[in-house]
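# Per-entry structural report
Spelled out, the chains give:
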Amino acid sequence: MRHLLAAVAALSAPVAVAEPPVSAVRVSQLGLEPAAGQRIVVVTRAAGPVAWRVRDDAGRVVQRGVAPAARYAVDADEAVTAIELPRALAPGRYRVEAGGAVSRPVTVAARPFAPLLRDAMSFFYQQRAGVPILARYVQRPDLARPAGHLGETARCFAGVDERGLRWPGCAARYDVVGGWYDAGDRGKYVVNAGISVWMMLDAWERAPAFDLLRDGALALPEARNGVPDVLDEARYEIEWMLRMQLPDGARAIVATPDGRAARTIAAGGMAWHKLGDTVWAPVPIRVEDDHGTRALYPPSTAATLNLAAVAAQAARLWRDIDPAFAARCRAAALSAFAAARREPAVFAEPRFTGSGAYEDAALDDEFFWAAAEIAATTGDPDALRMVERSPFARVSSVATPGWATTGAAGTIAILRHPAAFPPALVTAQRRALLASADAYLSDDARQPYRYPAAPGATQWGSNGDLLSRAVVLGTAWDLTHRAAYRGAARDALDYVLGRNPLDRSYVSGIGARPMRFPHHRFWGAGIDARFPAPPPGALSGGPNSSAMTDPVARTMVGKCRPQTCWRDDARAYSQNEVAINWNAALIWVAAFLDETRGR
Ligand SMILES: [Ca+2]
Ligand SMILES: [Ca+2]
C-alpha cells in the first residue's frame, strides 16, 4: 500500500460492464440475518416520518412501519432515514418500499456471513508469495497463477535513498521466501504482517470451536491436514516473519535518529523492516514478468516488536497442535523482545522508493502489545512488569487497532487471558476497551447512515478502520454479551457491503454493485483486460477525503464529501487498493457475526 509513484500501463481499456443504477434504498448487498433490528437506510426528501413496507417474493407485505424523519448526512450531502426492522425476516427474498422508492431484491439467509468469510479468507491464499496459486483452490480459473518470487533470497539495500544517504549493502543473502504480498504491490512488510496475523489468530482464539475456520473448512492446500485451516493460513505468514529475523550475532546498518548518517548496530534478534522492490513496479504486471530488483530494508524496533508479539501469540496457539513450531515461535518471540529492549528507538526509514514505508514514531503501544502476548503465553515476570509499567496499562480508552496503533491488541490479549495478569490491570483494561466501544456506539447513533465512526474526514483505508472498530465492538460483546455491541459491529459491515452513500459494496464479488477494479498488480482488469478481475472477497480501502494522492483522487479534491471520495478505478491507489490488514479485519468481523448468530 501507500504507493507514491505507481507507473500505470494503459494497454487495452477494460470492458465496461453495466451495473444496476443507484437505489435510494441502501441495504447490505450481501443480505441480512434472520434477526430483528436490521437497519435499512433510505435517501428521502420527505419532511416528516417515512412509511415503509417489506414485501416477500410473492408480493405479500410481511412487515411495515414508519421510520423517523430524515436527518441530514453532512458527509454525503443528503437526507436519510433509517428503518429498523422490528422482527426477524425468515430466509427468502424481499423488497423494501419506502418514500416512493423500491429496493433491489434483499436476501435473508440463515448464515449470510459464511460465504463472505470463505471468500475473504481466500484473499490471503491468493496473496501468497513463493507458491503457485492453483486453480482448484480459487473461485475462477483465471485467478490461478505461477509462483511469484519462488525461492526468494535477498540482500540488504545498497544505494542512495531519497534524501541522499548512501547505504553500503551487505554481503550475506537471506532466505526470505513465502509470506503474503501486502496489498496491490508485492512488498512484504513485517509491521503490517503483525496486525494482520494477530487479527486472524484472534478470530480463532476467541472461538476455537467455530466451524467455518476449522480443518477442511477453507479452500487451501492445507485443508484436511488435522490443523484448523485459519491457523494454516496464518502460519504461512508467520513462517515468513520468522525468516525476517536476523540471526544471533548479526550486525546491521541503520540510520541515525536524525536520518543523516548510517551506523552499525548489533541486530541479532531484530527483524528486517521489510522486503520490497527498489523501484515501483508497473500496474498491472504478472508475477512471471515481474523481475524488479528487491532488497531487505534496515531492521526496525517496530518490526521486531511485531514479530515478538505475533510469535508469542503463535507459541500459545500451537502449543498442543505442533509443539516444535510453538517452541520455535517462543524462542523467536523472546529473542526479538530482548533485541527491541536493547535497541528501543530504531525507527523505520521512510526515504526509500518502490515499497510502502509503514513508519511509526510511537512504539510504547508495540512494546505493550509484545509484552502482553509474551506474558499471556509464558507468564514471564519480566514481561509482566513491562506490561504493568507501560503507559498503556493506564489508558482510559483504546485506539482502533491498526498497523501503527497496536495497544488494543495488547489489551485484547490481556482480556482473553485474565488469569495471567493482576486483577486490577484486567479490570482497567476491560474498562478502557468498553469505553472505546461505548464511544463507537455514540458515533453510530450520530451517523445518519448508522455506522460506528464519527462524522468528518475519511482517511486512507477508512473501510479497514471501520471494521477494526467492529473488532473492538465484537470484543466488547465477548466481554458483556450486550446486543448493542454486536449490532454496531454488524452496522460497520453493513456499511461496507452497501448501506452507504455510494450504494456500493466495497467487497469484490459481493452484491449487486460491488467494487470491481481494485489497485492490484495481478487483478488488473481495471487497466488491462488481459488481466483477471479480482476474486470475490477483497475489501477496497474505501473513501479517502484526507490524503488524495493518486491521479484519480486528485481530480476529486474539493468535489466530494468525505463518504463519497472514492472511485472504482484501479489507478486510485489511495482509495481503491486492497491490503492484508483490511481483509484481516473483514475476516474477523465476518467470523464474529457468523459465530455469534442468533445470540
Ligand atoms: Ca488444515
Ligand atoms: Ca505504534
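Residues numbered from 1 in each chain as written. Chains lettered and ligands numbered in written order. Predicted model: local features only at pLDDT ≥ 70, side-chain atom pairs only at ≥ 80, totals over all residues. Heavy atoms only, no water.

As recorded by an unreviewed UniProt entry, the protein carries the name Endoglucanase and is attributed to Sphingomonas ginsenosidimutans. Entered under Sequence similarities (unreviewed entry) in the UniProt record, the comment concerning the protein runs "Belongs to the glycosyl hydrolase 9 (cellulase E) family." (UniProt positions renumbered as here; feature names shortened; annotations may be inferred.)

Looking at where Pro115 falls in the secondary structure, it is placed in helix H1 (residues 113-126). A relative accessible area of 45% places Pro115 in the partly exposed class. Taking the C-alpha atoms as reference points, Pro115 and Ala590, separated by 475 residues in sequence, lie 9.3 Å from one another. (Helix = DSSP H or I, 4+ residues; strand = E, 2+ residues; numbered from the N terminus. Buried < 20%, exposed > 50% of the residue type's maximum accessible area, 1.4 Å probe, protein only.)

The next thing to look at is the coordination of the calcium ion (ligand 2). The calcium ion (ligand 2) binds to the protein through Asp360 (OD), Ala362 (O), Asp365 (OD), Asp365 (OD), Glu366 (OE), Glu366 (OE) and Ala404 (O), with metal-donor distances spanning 2.4 to 2.7 Å. A relative accessible area of 48% means that Ala362 is categorised as partly exposed. (Donors = N, O, S within 2.8 Å, 3.2 Å for Na, K, Ca; no water.)

Across the sheet, which stays open at both edges, the three strands sit in the order S14-S17-S18 with antiparallel pairing between neighbours. With one partner strand each, in any of the chains shown, strand S14 (188-189) and strand S18 (294-300) form the two edges of the open sheet. Looking at chain direction, strand S17 (residues 271-277) and S18 are connected through six bridges and run antiparallel. Note that in S18 the partner of Lys274 across the bridge is Tyr297. Lying over the sheet, helix H4 (residues 301-317) contacts S17 and S18, oriented at roughly 105 degrees with respect to S17. (Pairing = 2+ DSSP bridges. Contact = heavy atoms within 4.5 Å. Axes fitted to C-alpha atoms, helices over the stretch in contact; angles between N-to-C directions.)

Coordination of the calcium ion (ligand 1) by the protein is provided by Asp215 (OD), Glu222 (O), Asn225 (OD1), Val227 (O), Asp229 (OD) and Asp232 (OD), with metal-donor distances spanning 2.2 to 2.4 Å. Around the calcium ion (ligand 1), the six donor atoms are arranged such that angles at the metal cover 73 to 174 degrees; this shape is classified as octahedral. Motif for the calcium ion (ligand 1), donor spacing along one chain: D-x6-E-x2-N-x1-V-x1-D-x2-D. (Tetrahedral: all angles 85-135°; square planar, octahedral: opposite > 155°, others 65-115°.)

Strand order in the open sheet made by the four strands is S1-S2-S6-S5, with antiparallel pairing throughout. Only two strands of the sheet have a single neighbouring strand rather than two, namely strand S1 (25-26) and strand S5 (71-73). Looking at chain direction, S5 and strand S6 (residues 78-84) are connected through three bridges and run antiparallel. For Tyr72, the partnering residue across the bridge sits in S6 and is Ala79.

Turning to the UniProt feature "active site" (unreviewed entry) in the protein, a few remarks are in order. As recorded in UniProt, the feature "active site" (unreviewed entry) lies at Asp568 and Glu577. Note that Asp568 resides in the loop between helix H12 (551-554) and helix H13 (573-576). Judged by relative accessible area, Asp568 falls into the buried class, the value being 17%. In contact with Asp568, other than residues within four places in its own chain, are Arg504, Pro514, Met515, Arg516, Phe517 and Asn576. Engagement of the side chain of Asp568 in a polar contact is seen with the backbone nitrogen of Arg516, the distance being 2.9 Å. Within the secondary structure, Glu577 is located in the loop between H13 and helix H14 (580-595). By relative accessible area, Glu577 is classed as buried at 0%. (Polar contact = N/O pair within 3.5 Å; in protein donor to acceptor, adjacent residues only side chain to side chain.)

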